[in-house]
Amino acid sequence: MITIGITGTLGAGKGTIVDYLVKEKGYVHFSVRDFIVEEIERRGLPVNRDSMTVVGNDLRATHSPSYIAETLYTKAQETGKNCIIESIRNPSEIENLRNHNNFYLFAIDADPKIRYERIVKRGSSTDNISFETFIANEQREMTSADPTKQNLKACIEQADFVFSNNGNFDDLHKEIEAVLAKITYRRPSWDEYFMELANA
């Protein structure tokens, strides 16, 4: 089983990577955003970027900095399949996930204007904002000395593979395939190696 964590800047294309891995590779998707939205709705708050930030930070402060990713990882293991945890915004979540075998962190980025155009087209409940607000929201999540809060910059710096998504879908899909070829290659054990020699 492989677990892929996905981090990256707002609107960079985390969902595009998820869609490709789910549809083409059979991965199971677990969303940090959906996890937090469920809690927002349970608390009767409006679903927007402010609520996402406040509730996500509160869950980490109440339980542990890695609480959300740890909970989703447990659910992922129950599937018995390759899984994606998207989107990781806290370095403690990465630290926790690195304690498990076959975990890889993907990060994705793109030009800010391209990313803003994408979120406008996406039109989710948290995306109906101006370009200035978009940039301000991202800066708020980019760095923090508080271990319970978002720190996208630190997460991206810890990525095993970084994708640039300024091009089209085909360009990104080729990048994904190249990375998957690296992480799904398994070196044979010595027993398997000698068995292959014996059968040659």
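Remember, predicted model here, so these are calculated numbers, not experimental data.

Caption draft 1: Fine view of the state of the cysteines. With the rule as written, the count across this model stands at zero disulfides. The closest cysteine sulfur to the non-disulfide-bonded cysteine 83 is located on cysteine 155, 20 Å from its own sulfur.

Caption draft 2: Inspection of the nonpolar core at higher detail. One finds Ile36, Ile68, Leu72, Ile85, Ile88 and Leu97 to be the most contacted residues of the largest nonpolar core, which totals 24 residues. Secondary-structure elements contributing two or more residues to this core are helix H2 (32–42), helix H3 (49–62), helix H4 (67–79), strand E3 (83–86), helix H5 (91–97) and strand E4 (103–109). Excluding anything up to four places from it in sequence, isoleucine 36 contacts Met52, Val55, Gly56 and Ile68. Core analysis: the next-biggest nonpolar cluster, separate from the first, contains 19 residues, Ile6, Tyr27, Ile108 and Phe161 among them.

Caption draft 3: Representation of the pattern of salt bridges within the structure. Taken as a whole and assessed by the stated rule, the structure comprises 12 salt bridges. Close ionic contact of arginine 115 with glutamate 138 constitutes a salt bridge, the shortest N to O distance being 2.6 Å. With arginine 115 in helix H6 (residues 112–122) and glutamate 138 in helix H7 (residues 131–142), this pair connects stretches of sequence that are 23 residues apart. The partner of glutamate 157 in a salt bridge is lysine 153, and the shortest N-O contact between them spans 2.7 Å. Taken together, the positions of glutamate 157 and lysine 153, both in helix H8 (residues 152–157) and four residues apart, correspond to about one turn of that helix. Relative accessible area serves as the criterion here: at 41%, lysine 153 is assigned to the partly exposed category. Connected through shared salt-bridge partners, Glu39, Arg42, Arg43 and Asp58 make up one network.

Caption draft 4: Looking closely at the packing of aromatic side chains. One pass over the full model with this rule turns up six aromatic pairs. Ring centres of tyrosine 116 and phenylalanine 134 lie 5.6 Å apart, and the angle between their planes is 55 degrees; on these two criteria the pair is classed as tilted. In this pair, tyrosine 116 sits in helix H6 while phenylalanine 134 sits in helix H7, placing the two residues 18 residues apart along the sequence. The exposure class of tyrosine 116 is buried, given its relative accessible area of 18%. Assessed through its relative accessible area of 1%, phenylalanine 134 is described here as buried. Cluster of aromatic residues (ring-pair linked, three or more members): Phe106, Phe161 and Phe163.

What counts as what
As a convention, each chain's residues are numbered from 1 in the sequence order in which they are written. Residue-level local features of this predicted model are given only where pLDDT is at least 70; pairs of side-chain atoms are given and counted only at 80 or more, and the full residue set underlies all totals for whole chains, interfaces and linings. Hydrogens and water molecules were not included; the side-chain quantities draw on all heavy atoms of the structure. When two cysteine sulfur atoms lie within 2.5 Å, the pair is treated as a disulfide. Among buried residues, those of type Ala, Val, Leu, Ile, Met, Phe, Trp, Tyr and Cys that are joined through side-chain atoms within 4.5 Å constitute a nonpolar core. Classification of residues uses two cut-offs on accessible area relative to the type maximum, computed with a 1.4 Å probe and protein chains only: under 20% is buried, over 50% is exposed, and between them is partly exposed. Numbering goes from the N terminus for both helices and strands, where a helix is a DSSP run of H or I of at least four residues and a strand is a run of E of at least two. Whether two residues are in contact is decided by their heavy atoms, any of which lying within 4.5 Å being enough. Here a salt bridge means any side-chain nitrogen of Lys or Arg lying within 4 Å of a carboxyl oxygen belonging to Asp or Glu. Pairing of aromatic rings covers Phe, Tyr and Trp, the last through its six-membered ring, and needs centres within 6.5 Å; plane angles under 30 degrees mean stacked, over 60 mean edge-to-face, and all others mean tilted.

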